[in-house]
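Commentary on secondary and tertiary structure
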Amino acid sequence: MALMTRIAEHLRAVGLSPADTTQESCSVQLGGRGSRVALRLAGPSRVPQGHDETALQAALGLMHQHGLREETGPRRIGVDYATTIAAVTATHGVLAALLAGARGRPQPQVTVSATAAVLRSVGHYLALTDAEQDVGRNPAWPGQPPPLRTGDGRWMEVETFNPVNWGAFWSRLGVDGRSVGHGWRVHCARQWTARPWLPQSMHDAVAARKLDELDQIAQECGIAVVPLEELGRYPARTRPWTTSDAPTTVNLADEAVPNGEGPLSGLTVVEATRWLQGPFAGRTLALLGARVIWIEMPEGDPARGIEPVVGDTHAGFCTLHHGKEAIRLDVTSPSGRRALVELIAQADVFLHNWPQGRAERLQLSAEDLWRIRPSLIYAHADGWAPHAGPTMPRVASDWSAQTHSGLAVSLRSPGEQPAASGVTVLDILGGHISAEAVLAALLHRQITGQARAVYTSLLAGAQLLLPHRAAPSPVFHPLPTADGYLAVHSATSTRRALRLSPDADRQAVIHALSRHPAHYWAKELPAAGAVCTLVRSPADIIADPVHAPHLTREHALLVRAPWSFA
């Protein structure tokens, strides 16, 4: 599917009306009325085939990172992930421009770089590579990546954020302490490394038990065993968020709109988040010009000190929190809660990614806060919303959501063992759709005077991807050449260009390509009518001068905003 077609599809799903659509542009109105915004795609960088899914994944680091799970070379993500990221990013720009117009600051044209949009999705990997992080696997620890296979033939993930609970579970299974400790370090670092290999002793311990027994032990130890689900458990979604309206309306007619940078200038977001999903949403709103006040734990977010550090802060951490104002509060204490409420009472948005039920226990639900701030946009970036209850996994994470939703099946080519990607697919997409829901709610408030609560989740992000599965092909994954990898877009045209028989299999294509390096084929195959793209790693991207306009070093390597407004 062409990128602009995918963007128009997503714009319609969130209630906008694209028209006059070409391959590079369209015009957009809200529900076919009101001000009109022109959306234009910026030219691609090092993506000679334009904005095709295969080209974006290959040229911008996704195939390389996805392949780190197996460590057998780059691999294609089996859904249209890059174009979905670009479509949601384009929708951010359109919603922000419409909001600016509704606030009296018309910005009738927005230009979106799909290259920068996709680079943001791997921004934390770029930052760590730039800081010379060694993300390799320790060869002294034999093992393999999840999922783990149980004694009764089920595949599963193990999930917890608590090292004590992790240790208790594996100790109950008889795993030695050194393996438990090494496994925990791998488990914690996987969002930064994309390499989730666990010691073989853990796989062996799971293989000695049935799923029900493992689940019972997991419950007793306070962790989650998440069975790998097949496709069909959850339907596809086109609008990946749900809403509830505040009980009263407000008058924003006298609102003073400053002439600051960005369409969200003058708006304040209070963000209480950890990990990736929530912080990525807050960072997106900051890039669009909002003032973002980030609430840290009293002792500081533990992610600050993870290696490698740039100056005194983890390089990947900077990609999520640069440009925010950090305040340390203990929101579980009465004084910390009062301080948080005082901030929210002056804010436009409160964004959090607490587990379900915590906001209600702290008396910080949407209903609680609307009594204090009737105009507040309340945003919860969750794991499972709108689903809840005992049928859901006890711990929500990128990998448990990939596994539970069925996305782990879609990410692989047909015939391969389903497995969650080591890439933070749903954390990043979840942050994108949380920011999108906030922008839509702000626009709704500006037009109607009614505030909203918006609920997004990792599961909803998976449901957004499920309908966009790639077609099977013998050239589904990148192909090795004499010195590097090439992603080809059509088996038929590649066979023809290589003068192979029409039924030549993957190995025959690889054998033909092995005669020359990837850069040779990147010129020769297109000349013979076969579209292809060089597969690039984060190090390649950083070193390539064509990407310099998208990157900046402000404490750590950062990807610039993918939008420009006129």
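The model shown is predicted, which means the values in this text are computed figures rather than measured ones.

Here we take up the overall build of the chain. In terms of regular secondary structure, the chain is built from 23 helices and 24 strands. Its C-alpha atoms put the chain at 70 × 60 × 45 Å along the principal axes. Across the 566 residues that make up the chain, the buried fraction comes to 58%. Here the chain has roughly 21,500 Å² of accessible surface; of this, 50% comes from carbon and sulfur atoms. Of the charged side chains in the chain, 51 are positive and 51 negative; the average position of the first set lies 3 Å away from that of the second.

Right, let's talk about the packing of aromatic side chains for a bit. Given two aromatic rings, their pairing is described by the distance between the two centres and the angle made by the two planes. Inspection of every chain in the model, using the stated rule, returns seven aromatic pairs. Consider the rings of phenylalanine 169 and tryptophan 170, whose centres lie 5.0 Å apart with planes at 80°: the pair is edge-to-face. Across the pair, exposure class does not vary: phenylalanine 169 and tryptophan 170 are buried alike. Here phenylalanine 350 and tryptophan 354 contribute two aromatic rings whose centre-to-centre distance is 5.8 Å and whose plane-to-plane angle is 65°, an arrangement assigned as edge-to-face. A relative accessible area of 0% means that phenylalanine 350 is categorised as buried. Between arginine 274 and the ring centre of tryptophan 275, over which it is positioned, the NZ or CZ distance is 4.5 Å.

One finds Ile7, Leu39, Leu264, Leu340, Phe350 and Trp354 to be the most contacted residues of the largest nonpolar core, which totals 69 residues. Sort the elements by how many residues they give to this core and helix α4 (residues 81–102) lands first, with nine residues. Among residues more than four places away in sequence, those in contact with isoleucine 7 are Leu39, Leu41, Ala87 and Ala90. Formed by 47 residues, the second largest nonpolar core is a distinct cluster that contains Val118, Leu119, Tyr125 and Ala462.

What follows deals with helix α21 (residues 506–513). Inspection of α21 places Val509, Ile510, Ala512 and Leu513 among the buried residues, and these make up the whole buried set. What you see down the axis of α21 is that its buried residues fit within an arc of 160°, all on one side. Those residues of α21 that are exposed and aimed more than 90 degrees away from the buried face are Gln507 and His511. Packed against the buried residues of α21 are β19 (479–481), α20 (491–497) and α22 (518–527).

Relative orientation of the contacting elements α4 and helix α18 (residues 425–448) amounts to 20°, with a least axis distance of 9 Å. Classified by the interaxial angle, the pair formed by α4 and α18 is roughly parallel. When the axes of α4 and α18 are compared, the crossing they make is left-handed. On α18, the residues touching Tyr81, Thr84, Ile85, Val88, Thr89, Thr91, His92, Leu95, Ala96, Leu98, Leu99 and Ala102 of α4 are Val425, Ile428, Leu429, His432, Ile433, Ala435, Glu436, Leu439, Ala440, Leu442, Leu443 and Gln446. Across the contact of α4 with α18, the residue classes tally to 17 nonpolar, six polar and one charged.

On to the pairing of strand β17 (residues 377–382). Counting buried residues along β17, six of its six residues qualify, which places the element largely inside the surrounding structure. The alternating pattern of β17 places Ile377, Ala379 and Ala381 on one face and Tyr378, His380 and Asp382 on the opposite face, and all of these are buried. Pairing of strand β16 (residues 349–352) with β17 involves four bridges; the strand directions are parallel. Note that in β17 the partner of histidine 352 across the bridge is histidine 380. Bridge count between β17 and strand β18 (residues 450–457): five bridges; the pairing is parallel. Directly across from histidine 380, in β18, lies its bridge partner tyrosine 455.

Turning next to the pairing of strand β1 (residues 16–19). Here β1 shows a clear split, with Leu16 and Pro18 buried on one side and none of Ser17 and Ala19 buried on the other. The pairing of β1 with strand β2 (residues 25–30) spans four bridges and is antiparallel. The residue bridging serine 17 from the neighbouring strand is glutamine 29, located in β2. Hairpin connection from β1 to β2: five residues lie between these consecutive antiparallel strands, with aspartate 20 at a positive phi of about 55°.

Attention now goes to the side chain of threonine 481. With respect to the helices, strands and loops of the structure, threonine 481 is situated in strand β19. Among the polar contacts listed, one links the side chain of threonine 481 to the backbone nitrogen of alanine 518, at a separation of 3.0 Å. Other than its neighbours up to four places away in sequence, threonine 481 contacts Leu486, Leu513, Ser514, His516, Pro517, Ala518 and Trp521.

Definitions and cut-offs
- Residues numbered from 1 in each chain as written.
- Predicted model: local features only at pLDDT ≥ 70, side-chain atom pairs only at ≥ 80, totals over all residues.
- Heavy atoms only, no water.
- Helix = DSSP H or I, 4+ residues; strand = E, 2+ residues; numbered from the N terminus.
- Buried < 20%, exposed > 50% of the residue type's maximum accessible area, 1.4 Å probe, protein only.
- Areas by Shrake-Rupley, 256 points an atom, 1.4 Å probe, with all protein chains shown as cover.
- Lys, Arg positive; Asp, Glu negative; His and termini not counted.
- Charge placed at Lys NZ, Arg CZ, Asp CG, Glu CD.
- Phe/Tyr/Trp six-rings, centres within 6.5 Å; stacked < 30°, edge-to-face > 60°.
- Lys NZ or Arg CZ within 6 Å of the ring centre and 35° of its normal.
- Core = buried A, V, L, I, M, F, W, Y, C linked by side-chain atoms within 4.5 Å.
- Contact = heavy atoms within 4.5 Å.
- Arc of directions from axis to C-beta.
- Axes fitted to C-alpha atoms, helices over the stretch in contact; angles between N-to-C directions.
- Parallel < 35°, antiparallel > 145°, perpendicular 65-115°, else oblique.
- Left-handed = near helix turned anticlockwise from the far one by under 90°.
- Nonpolar A, V, L, I, M, F, W, Y, C, P; charged D, E, K, R; others polar.
- Pairing = 2+ DSSP bridges.
- Polar contact = N/O pair within 3.5 Å; in protein donor to acceptor, adjacent residues only side chain to side chain.

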